[in-house]
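# Tertiary structure, described
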Amino acid sequence: MKKLNILLLSALTAISGSALAMGGSIEQGKNFTNLNLEMGKSSSGVYLESNWLKNTDDGTQTGGVGAGYNLEVGPVMLNAGAKAIYIGPKKGDNGVAFPIGGGVNVALTDSIHVYGEGYVAPEGLNNSVKNYVEANGGVSWTPIKPVTLKVGYRHVSVDGKDGRPNHTLIDGAYVGGGVTF
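Residue positions are counted from 1 within each chain, in the order its sequence is given. With the structure being a predicted model, the display of local features is reserved for residues of pLDDT at least 70 and the display and counting of side-chain atom pairs for 80 or more, all residues being used for whole-chain, interface and lining totals. As a convention, hydrogens and water are excluded, and side-chain values are obtained from all of the structure's heavy atoms.

Taking an unreviewed UniProt entry as the reference, the protein is identified by name as YfaZ family outer membrane protein belonging to Enterobacter nematophilus.

A few words on the overall build of the protein. For the protein, the helix and strand inventory stands at one helix and eleven strands. Secondary structure counts use DSSP, requiring at least four H or I residues in a row for a helix and at least two E residues in a row for a strand, with both numbered from the N terminus. Ordering the α and β elements of the protein from the N terminus gives α-β-β-β-β-β-β-β-β-β-β-β. Each residue gets one of three labels from its accessible area relative to the maximum for its type: buried under 20%, exposed over 50%, partly exposed in between, using a 1.4 Å probe on protein chains only. Evaluated residue by residue, the protein yields a buried proportion of 40% over its 181 residues. By sequence separation, contacts in the protein at least 24 residues apart represent 45% of the contacts at least 6 residues apart. As presented, the protein carries roughly 9600 Å² of accessible surface, and 67% of it is formed by carbon and sulfur atoms. Throughout, a residue-residue contact means that at least one pair of heavy atoms, one from each residue, lies within 4.5 Å. Residue-level accessible areas treat just the shown protein chains as cover; the underlying method is Shrake-Rupley with a 1.4 Å probe.

Side-chain rings of Phe, Tyr and Trp, where Trp is taken by its six-membered ring, are said to pair if the distance between their centres is within 6.5 Å; with planes under 30 degrees apart they count as stacked, over 60 as edge-to-face, and otherwise as tilted. Scanning the model with the defined rule gives one aromatic pair in all. Relative to Tyr174, the ring of Phe32 lies with its centre 6.4 Å away and its plane at 75°, an arrangement referred to as edge-to-face. With Phe32 in strand β2 (residues 32–39) and Tyr174 in strand β11 (residues 167–180), this pair connects stretches of sequence that are 142 residues apart. Relative accessible area serves as the criterion here: at 3%, Tyr174 is assigned to the buried category.

Our focus in this paragraph is the nonpolar core. Residue types Ala, Val, Leu, Ile, Met, Phe, Trp, Tyr and Cys, when buried and joined through side-chain atoms within 4.5 Å, form a set referred to as a nonpolar core. Counting 14 residues, the largest nonpolar core has Ile87, Tyr132, Val156, Leu169 and Ile170 as its most contacted members. Only β5 (76–88), β8 (112–122), β10 (147–159) and β11 provide two or more residues apiece to this core. Ranked by residue count, the leading element in this core is β11, at three residues.

Along the chain, Val156 falls in strand β10. Of the residues examined, Val156 reaches a relative accessible area of 1% and is grouped as buried. Considering only alpha carbons, one finds Val156 and Gly172, 16 residues apart in sequence, at a separation of 9.6 Å.

Surface patches are defined over residues having more than 30% relative accessible area and no salt bridge, joining like charges when they lie within 9 Å and nonpolar side chains (Val, Leu, Ile, Met, Phe, Trp, Tyr) when within 5 Å. Criterion for a salt bridge: a side-chain nitrogen of Lys or Arg within 4 Å of a carboxyl oxygen of Asp or Glu. Taken together, the side chains of Leu108, Ile112, Val114, Val139, Trp141, Leu149, Val151 and Val175 present a nonpolar region at the surface, about 650 Å² in accessible area. If you list the elements that add at least two residues to the nonpolar patch, you get β8, β9 (131–144) and β10.

Scanning all chains against the criterion turns up five salt bridges. A salt bridge links Lys150 to Glu27; its shortest N-O distance comes to 3.0 Å. You can see Lys150 sitting in strand β10 and its partner Glu27 sitting in strand β1 (residues 22–29), a full 123 residues away along the chain. Residue Glu27 is classed as buried on the basis of its relative accessible area of 2%.

Before going further, it helps to examine the side chain of Asn79. In this fold, Asn79 is placed in strand β5. Between N or O atoms, a polar contact is any pair within 3.5 Å; within protein, one atom must be a potential hydrogen donor and the other a potential acceptor, and residues adjacent in sequence are included only when both atoms are from side chains. In this structure the side chain of Asn79 is engaged in a polar contact, spanning 2.9 Å, whose partner is the backbone nitrogen of Gly103. Non-local contacts of Asn79, meaning those with residues more than four positions away in its chain, are made with Lys41, Tyr47, Tyr69, Asn70, Gly101, Gly102, Gly103 and Tyr119.

With that settled, consider the pairing of β5. Two strands qualify as a pair provided DSSP detects at least 2 bridges between them. Direction of pairing for strand β4 (residues 61–73) relative to β5: antiparallel, over a ladder of 13 bridges. Looking at the pairing, Thr62 lines up with Ile87 of β5. Hairpin connection, β4 to β5: the antiparallel pair is bridged by two residues, and Gly74 has positive phi, about 60°. Strand direction decides the pairing type here: β5 and strand β7 (residues 100–107), joined by seven bridges, are antiparallel. Counted as the bridge partner of Leu78 is Val104 from β7. Where β5 and strand β6 (residues 95–97) come together, three bridges link them in antiparallel fashion. Note that in β6 the partner of Tyr86 across the bridge is Val96.

Rendered as structure tokens:
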């Protein structure tokens, strides 16, 4: 099985064949900040990403790394991936989660895109909560390359376990911007 996984990853990497663009972005909501670094997220093939998300009201934060695969079908970019996330909600359930999920990015024009993604880690994929959920969606505009501006909505929540309450870590609209090289 391990050899099959290595062969599959090698084949997907070879098929991607495009240069991996690197980029970074920042998003600011009413009570949260998100910093994101990525490589290969804007083209078909393998991608890597990392982010740090902090609730500026109560100090709750998450941080993680992820990898996945993009598949471009006309104006639609589909992706599937997995992440390793540290959860620091300051409610007694700090730990790690390994959410899986995916997303879609639809090019309405060359410069305007609509995007959405979601990840979930049920009880077997984390060590401190019953369930971890994150979702993100919005609209992006690239007025000039390499600059992209975004507006969207982000939600991150956990279901507590062992008597700890369910709670929302992040929930709200944001504006953001980034560059891709």
